[in-house]
Amino acid sequence: MEPHRGVPPSRPAVARLNATHLEKMRIVAHGSNDPKGRYYDMLRTQILQEMDKNGWQFLAVTSPTPNCGKTVTACNLALSMARLPERAALLVDMDMHKAKVAEYLGLEARNNILSVLEDRATVGASIVEACAGPNEIAVLPGAVSSASASEWIASQTMANLLQAIKRDFRSRVVIFDLPPMLVGSDVISILPRMDAVLLVAGVGTTTPNDLKACQKHLQRSNLLRVVVNKVTEATESYYYGNYST
Ligand SMILES: Nc1ncnc2c1ncn2[C@@H]1O[C@H](COP(=O)(O)OP(=O)(O)OP(=O)(O)O)[C@@H](O)[C@H]1O
Ligand SMILES: [Mg+2]
């Protein structure tokens with residue numbers, strides 16, 4: 001997806017999302033006919049109610065271990081929010097080990113979070129306005145910087161970026177696609193800067209012990225929901241029967 005040419009560098013690039021690509025990547029909440037879209041709409045509504053009630057803006061999406069469905073969930077939630085009148089979302093890819101948001105959405109990004117952190121571009125020039133039909137989400141794409149991800153996440157530069165986002169995107173709910181909690185220290189160091197957390201557990205990947213370990217790290221955070229992802233009828237009773245929040 002080509003950003004429009006001729007956009008001044010301080011203004012966001014604009015891209016039109018391709019519905020076929022989104023659906024191939026399991027992103028269905030842009031208004032497709034897929035019934036899973038309704039599930040994301042319900043989750044969105046519950047999350048927004050809770051966030052509005054508390055005046056929260058920053059939502060962290062994480063999971064215990066890799067591959068649980070964080071990125072798919074974060075993209076779907078952002079697009080579901082965009083379909084509500086008078087609501088807008090900013091999706092920030094903060095997984096500097098596996099930055100996949102742009103790929104999942106089918107965006108080609110000129111700049112990314114690392115361009116901002118390294119002071120090569122402004123936030124405004126690094127955001128892509130991604131349009132799905134009449135709706136729009138703002139996206140700050142990610143970049144892989146595995147060797148220094150933990151340092152960046154814990155840095156004052158990152159704290160400044162988050163402050164700038166809070167100031168400049170006051171009217172938007174900001175969804176952060178984070179790495180897994182139990183791998184490395186990235187999530188633990190960024191959690192105090194988040195208002196609320198959505199934990200995505202993956203059937204076949206997440207164990208009850210993983211969830212308990214996460215709960216320990218989340219004691220001082222506002223855990224909104226544990227989403228059990230990749231559920232089939234065969235696995236449903238195991239998860240719902242063994243764990244409740
Ligand atoms: N509900 C689902 N059912 C089946 N497959 C799914 C589901 N949700 C996500 N997936 C698939 O699982 C894989 C991992 O999803 P995703 O990239 O969203 O996970 P992640 O938690 O962000 O992973 P990582 O830890 O690598 O960042 C992808 O191939 C995705 O298409
Ligand atoms: Mg991911």
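Fair warning: this is a prediction, and the values are worked out from it, not measured in the lab.

Asker: Can you lay out the layout of surface pockets for me, pointing to particular residues and giving the numbers?
Answerer: Reported here for the largest pocket is a volume of approximately 880 Å³. Together, 30 residues line the largest pocket, and C68, G69, V72, N229 and K230 are the ones closest to its centre. Breaking the lining of the largest pocket down by element, the ones donating at least two residues are α1 (19–24), α2 (36–54), α3 (70–82) and β8 (223–229). Split by residue class, the lining of the largest pocket holds 15 nonpolar, five polar and ten charged.

Asker: Which residues make up the packing of aromatic side chains, and what values do they have?
Answerer: In this structure the tally under the stated criterion is two aromatic pairs. Summarising the aromatic geometry, the rings of Y39 and Y40 are spaced 5.3 Å apart at their centres and angled 65° between planes, so their arrangement reads as edge-to-face. Given a relative accessible area of 38%, Y39 falls into the partly exposed group. Considering the side-chain rings of F58 and F176, the 4.9 Å spacing of their centres and the 70° angle between planes classify their relative orientation as edge-to-face. Placement of F58 in strand β2 (residues 58–62) and of F176 in strand β6 (residues 173–177) is noted, with a sequence separation of 118 residues between them.

Asker: Lay out the environment of R193 in plain terms, naming residues and giving numbers.
Answerer: Mapped onto the elements, R193 comes out in the loop between α9 (186–190) and β7 (196–202). Looking at R193, the relative accessible area reads 39%, which means it is partly exposed. Taking C-alpha positions, R193 is 9.5 Å from Q163, a pair spaced 30 residues apart along the chain.

Asker: Before we move on, can you summarise the pattern of salt bridges with the specific residues and values?
Answerer: Per the stated rule, a full pass over the model turns up nine salt bridges. Salt-bridge contacts for D41 lead to R83; the nearest nitrogen and oxygen are separated by 2.9 Å. Remark: R83 occurs in the loop between α3 and β3 (89–93) and D41 occurs in helix α2; sequence separation between them is 42 residues. Look at R83 and you get partly exposed, because its relative accessible area is 30%. A cluster of three or more residues bridged by salt bridges with shared partners is formed by D41, R44 and R83.

About the thresholds
- Residues numbered from 1 in each chain as written.
- Chains lettered and ligands numbered in written order.
- Predicted model: local features only at pLDDT ≥ 70, side-chain atom pairs only at ≥ 80, totals over all residues.
- Heavy atoms only, no water.
- 1 Å grid on protein atoms, 1.4 Å probe; cavity = no way out; pocket = protein on both sides within 12 Å on 5 of 7 lines; lining within 4 Å.
- Points joined across faces, edges and corners; volume = space filled by probe spheres on them.
- Helix = DSSP H or I, 4+ residues; strand = E, 2+ residues; numbered from the N terminus.
- Nonpolar A, V, L, I, M, F, W, Y, C, P; charged D, E, K, R; others polar.
- Phe/Tyr/Trp six-rings, centres within 6.5 Å; stacked < 30°, edge-to-face > 60°.
- Buried < 20%, exposed > 50% of the residue type's maximum accessible area, 1.4 Å probe, protein only.
- Salt bridge = Lys/Arg side-chain N within 4 Å of Asp/Glu carboxyl O.

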